[in-house]
Amino acid sequence: MKKFNFNISFLLNIFSLTKDHIALLILGLTFLAIGSTINLILPLFIKSSLNQYNQTSNFDTIIELSIYCILIFVAQGLAFFYRHKLFFSLGYKIGQDLRSKIYSNIINKKLEFFGQHSGGDLVNRIILDVDQIQRSFSTTFSVFIRYGFQVIGGVVLALTISIKLTLLCVLVIPILGVSIAICISKLKKIISQMQIHLGRINSQTEETITNISTIKSFYFFEPLIKRFDDANDQATLFGIKRANYGALISSSSVFIIHASLSLIILYGGFLVKNGDLNIGDLISFILYGLIVAISFGLLAGSFEDLTHTSNALNRTFEILNNRDEEEKEVQKIEFNRNSITKFSIEN
């Protein structure tokens, strides 16, 4: 099984699936950008209001801040509503297109193809792989774009508040990046093994149901049950290992970033005490720290799903990319058929 990489082939495959639904994609990305931008602008607005209150002690500033926050949250809620609706619609439409293309492509394959692939494997490509790709377009890609944007935007805007505090945050990134890279490398191997054993389960189930009359005639139950249970146990074992590594990625990334936030609060308190930083600036910076921490944790968790999607795309395009040869064969047959029909009519 191929590893997940952000390579040109992966991006081209994604683009080829969305090119017929560009309007939905652009609208979805627009509302995603609006919602994420509001998330990033809000701490700056809070900083400005708190600093103004700190200077004037006018409580009307806090009242205005509360009213504006409610209006901003309404706008953000609408943006998230349409983002969710549009990306899920995009996912369903892409799933519909893929199922039709794969099915029509499979039935046009030569007979040799069916000798090389089990029925269970082909069914998985139409149902499971397409479902994985559909879910990724509905949720995973939007999550990856949204939180990636918030991580980058949060760090940039935090720099405008305090370079010293931001550098303290940036020092944590190499530690976090190395630990996540190690876990993801292990996770890819585990997912690959789990998929192999799940494939064994699907193939045996299909063969058993197809040949159930023969199996019952010869009472060939025990070896089949033993073989099925062995594949099932192995799939479950690797599934638990996958859950452990997935939990390790999410929890370790959140812990490391939250631990750095504790240092930021301590160091930021000294800066406020010495008059180098306003209290509104510190609160705003902490909010950006939380945005980056939460976004980074969810971003790290999405890599597991992207690995599944990359593998599903590879398997899907193995069939779709061979379509040209089969279409030429079909066109050749149609041409010969039309020639014979024409010859028969003329004679």
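You'll find the structure just up there.
Residues numbered from 1 in each chain as written. Predicted model: local features only at pLDDT ≥ 70, side-chain atom pairs only at ≥ 80, totals over all residues. Heavy atoms only, no water.

Asks: How do you make sense of the overall build of the chain when you look at a structure like this?
Replies: Across its full length, the chain carries 11 helices and zero strands. Going from N to C terminus, the chain has its helices and strands arranged as α-α-α-α-α-α-α-α-α-α-α. Counting the 347 residues in the chain, one finds 39% classified as buried. Contacts in the chain between residues far apart in sequence, at least 24 positions, make up 87% of those at least 6 positions apart. (Helix = DSSP H or I, 4+ residues; strand = E, 2+ residues; numbered from the N terminus. Buried < 20%, exposed > 50% of the residue type's maximum accessible area, 1.4 Å probe, protein only. Contact = heavy atoms within 4.5 Å.)

Asks: Can you help me understand a nonpolar patch on the surface in this one?
Replies: A cluster of nonpolar residues, Y53, F59, I63, I67, Y68 and L71, forms a patch on the protein surface that exposes about 600 Å² of accessible area. With four residues, helix α3 (residues 60–107) is the single largest residue contributor to the nonpolar patch. The residue F59 is located in the loop between α2 (22–56) and α3 in this model. Using a relative accessible area of 52% as the deciding quantity, one classes F59 as exposed. (Patch = residues over 30% accessible without salt bridge, like charges linked within 9 Å, V, L, I, M, F, W, Y side chains within 5 Å. Areas by Shrake-Rupley, 256 points an atom, 1.4 Å probe, with all protein chains shown as cover. Salt bridge = Lys/Arg side-chain N within 4 Å of Asp/Glu carboxyl O.)

Asks: Explain the environment of S295 here, please?
Replies: On the secondary structure map, S295 appears in helix α10 (residues 279–320). Non-local contacts of S295, meaning those with residues more than four positions away in its chain, are made with Y147, Q150 and V151.

Asks: Explanation requested: the nonpolar core in the structure shown.
Replies: For soluble globular proteins, the rule of thumb is that nonpolar side chains tend to be buried together. Grouped together as the largest cluster of nonpolar side chains are 47 residues, with contacts concentrated most on L17 and F137. Those elements giving two or more residues to this core turn out to be α1 (8–18), α2, α3, α5 (119–161), α9 (222–273) and α10. Looking at this core, the element that brings in the most residues is α10, giving 15 residues. Apart from the residues within four sequence positions on either side, L17 is in contact with I94, L98, I133, F137, L313 and F317. Counting residues in each nonpolar core, the second largest holds five residues, with L42, I46, L65 and C69 among its members. (Core = buried A, V, L, I, M, F, W, Y, C linked by side-chain atoms within 4.5 Å.)

Just geometry here; none of it tells us what the structure is for.
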